[in-house]
Number of protein chains: 2
Amino acid sequence: MLMQAENHSGQAQLKRGNRMAIIRQLRVQPGQSRVDLANALGLTKSTVSALARELIDEGWLVEREVLITGDIGRRPTPLFVDPTRLLLLGTQVGIGHVRVVLTSLTGEVLSAQSAAYDTSLDVEACIQELTHTMLDVAAECGEAQRIIGIGVGLPGGVDQARDQLVFAPHVHWHQAPFGTLLREALHGTPLSGVPVFMQNDADVAALGETEFNPSPTTDPLLLVLVGEGVGAGLVVGGRLLTGARGLAGEVGHMVLQIDGPLCSCGRRGCAEALIGNRALLQQDGAAQDAPAVARAGRYLGVLLQNLAVAYDPACIVLGGPAVALGDALLAPVRETLQQYAQAARLPEPTLRVSRFGADAIAVGAAALAGYRLTQPTLA
Amino acid sequence: MLMQAENHSGQAQLKRGNRMAIIRQLRVQPGQSRVDLANALGLTKSTVSALARELIDEGWLVEREVLITGDIGRRPTPLFVDPTRLLLLGTQVGIGHVRVVLTSLTGEVLSAQSAAYDTSLDVEACIQELTHTMLDVAAECGEAQRIIGIGVGLPGGVDQARDQLVFAPHVHWHQAPFGTLLREALHGTPLSGVPVFMQNDADVAALGETEFNPSPTTDPLLLVLVGEGVGAGLVVGGRLLTGARGLAGEVGHMVLQIDGPLCSCGRRGCAEALIGNRALLQQDGAAQDAPAVARAGRYLGVLLQNLAVAYDPACIVLGGPAVALGDALLAPVRETLQQYAQAARLPEPTLRVSRFGADAIAVGAAALAGYRLTQPTLA
């Protein structure tokens, strides 16, 4: 009996893998027919037809009208990921504020809301505010719609194996079981039992760029967030690089100036101390003068040059509040990258600003939920 | 007819994937039985039995004797990757010398040989010397043995999609079709038609550590080579991080000292200029004095601290000729890592020296061939 159960579970896993492969294929190439999918995935047409029927019934996929042309007659029905029925809830936990967005499976933002929380209190205070905001936003969900996943982007390293926020220095949370606490807070609400996924804020922002607009020309994609802290997320072949303990991409603590200014982490000369808010803002929160911003921009250029040689990304995306400084910050970044590239007679790395602006982390968190829900095996 | 061919190719791919999954499973957990394999891989026992028979007949796997115990009677037959019949040829292309090793599928070195080549000549001069050495070593292959793959570790970035050595600064090779040239040179020899795979030297050295001794406790594994140049290879979940153009891990060109000494690449203050041979050796090749080596060691410590936060490896492995300097170099590396870790109140990264010593690249190149041959889909 045990053997049989294990073989069944192997078959269930295979079926899940095939279902998810169909969804992922349609995200990369929307409008493929059942025959296209069968050919692309090495499955029989009858397998694809049966799975597509299930996925349409459940709300994952939708058929669009068929075009009739004189030349080739009735074309096979094109399939798309359905942007109307199944929804994702994405949440940014920032320093002193939360941001919640409701998105379609394809990344359209349908509703959004922010709230403040007191960083001098413990993690439960944040979760209480977050829960209220999430329920408010979820109430925008229509009759025929259903939220199937919740993603959370956190300002620190996340150990997925232990479902734990390892360390968030700017809010002083250590080893916090954030996911468990949030699931408990949602118990008995309309969001009770909806799967909750969490990850570092830069990681989810990187997933937002790749999941909601997959393109082989941006693989690997490196996203660098600059704000209170400095962090990076790398997506390679559709997968996040998270590292042994969920701390990969903590590039704010790469040393750029040996024996430089003291960083929040205790080390000296880290990128964060030279580029983050403390370098960009005065005590009262007003922007620093232009030379200070330009200096931070040059250090950011050095950091990006170092990350370009370490990761060899096809594309670097900048996000976070510092991007709002515009060319005062970005012009020296580009100049520095250009100087290093010219010295080495290499092409400059491709650099652009995040497509989701101030919502990069919240939308990215929704992308995380979609990403985890459509993995071939549900970890 | 087209449809049918495509479905057949899908099935062939599935079969290859299952065969390779069995081999990979037995590398991680040697001695599993057919029932163990069926359970672990979600396959039926009859599928595993049929594939195992094929793999035994072809020389990939071997059955070992069954232990009889009073308690549980005859135990299922344990299977192992066969270390005797199918062999791999691994090649290091160094600066002015080549090194060739013959290994088993499990990494035992059966034969090895080195030769010099003139770096002032073009890439063909190197390939000629390499071909002779490879054929000499291949002649050690026994009657019942067969070389099934050739791996080459090159001193520069490799673009696998274009089968091209992008740039090897220390030998001045640009855009060299190294694989094609080597395949042509081997035409008509006993190695004619054997698949040739090539990759950056630090990348193959990293694969040598993971492929020939897989362990979840060293995932991700970062290998850093220090010699003429400085490079790194990262293996995550059994896969190499190669980047958009095969240049990921070119960490010798991360800037550690803004406006520092001029590097071979044209930039200033790169790790290579502060840590590589020019920092460690005098003009005549003799070792620098102790303070110069210690200074290079401290810079290597800063580089490793930066790589630790960028990649979050479970383990950092040091390789390359500089490792032979021993504690004169390694003690300041460890001290520097310790100081940064203490400042940030974090555990130090785990650091050790490559298990294959001076053969790290050649054995790693053999590992590359084994790795590529046992991928679920042969790219």
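Below or above, wherever it landed, is the structure these notes cover. (Residues numbered from 1 in each chain as written. Chains lettered and ligands numbered in written order. Predicted model: local features only at pLDDT ≥ 70, side-chain atom pairs only at ≥ 80, totals over all residues.)

### A closer look at the overall build of chain A
Each helix and strand counted, chain A has eleven helices and 17 strands in total. Oriented by its inertia axes, the alpha-carbon framework of chain A measures out at about 65 × 55 × 45 Å. Per-residue burial for chain A yields a buried fraction of 47% across its 379 residues. In chain A, 63% of the contacts between residues at least 6 apart in sequence involve partners at least 24 apart. (Helix = DSSP H or I, 4+ residues; strand = E, 2+ residues; numbered from the N terminus. Buried ≥ 20, exposed ≤ 12 C-beta atoms within 10 Å, placed from the backbone. Contact = placed C-beta atoms within 7 Å.)

### A look at the relation of the copies chain B and chain A
Between chain B and chain A, which share one sequence, the superposing operator has a rotation angle of 180° and an axial displacement of 0.0 Å; the RMSD is 0.0 Å. In symmetry terms, the pair is related by a two-fold rotation axis. Of the interface residues in chain B, 100% have counterparts in chain A that sit at the interface too, so the contact is made through matching surfaces. (Least-squares fit on C-alpha atoms with pLDDT ≥ 70 in both.)

### Digging into the sheet that holds strand S16 (residues 315-319) of chain B
Residue and element names in this part refer to chain B. The five strands lie next to each other as S15-S14-S13-S16-S17, forming an open sheet whose pairing is mixed. One side of each edge strand has no neighbouring strand; the edge strands of this open sheet are strand S15 (239-240) and strand S17 (351-353). The sheet strands contacting helix H6 (residues 201-211) are strand S13 (221-226), strand S14 (230-236), S15 and S16, and the helix crosses S14 at an angle near 40°. (Pairing = 2+ DSSP bridges. Axes fitted to C-alpha atoms, helices over the stretch in contact; angles between N-to-C directions.)

### Observations regarding the packing of helix H2 (residues 34-41) of chain A against helix H3 (residues 45-58) of chain A
Residues and elements named next belong to chain A. For the pair H2 and H3, the least separation of the axes is 9 Å and the interaxial angle reads 120°. Considering their axes alone, H2 and H3 lie oblique with respect to each other. With respect to the hand of their crossing, H2 and H3 are arranged in right-handed fashion. Two secondary-structure elements touch here, H2 through Arg34, Val35, Leu37 and Ala38 and H3 through Lys45, Val48, Ser49 and Ala52. Each residue belonging to the contact of H2 with H3 can be placed in one class, and the counts come to five nonpolar, one polar and two charged. (Parallel < 35°, antiparallel > 145°, perpendicular 65-115°, else oblique. Left-handed = near helix turned anticlockwise from the far one by under 90°. Nonpolar A, V, L, I, M, F, W, Y, C, P; charged D, E, K, R; others polar.)

### Points about the interface of chain B and chain A
With 41 residues of chain B in contact, the opposing surface of chain A contributes 41 residues. Elements with a minimum of two residues in the side of chain B that touches chain A: helix H1 (2-28), helix H9 (290-311) and helix H10 (327-343) of chain B. Of the residues assigned to the side of chain B that touches chain A, the class counts are 22 nonpolar, 13 polar and six charged.

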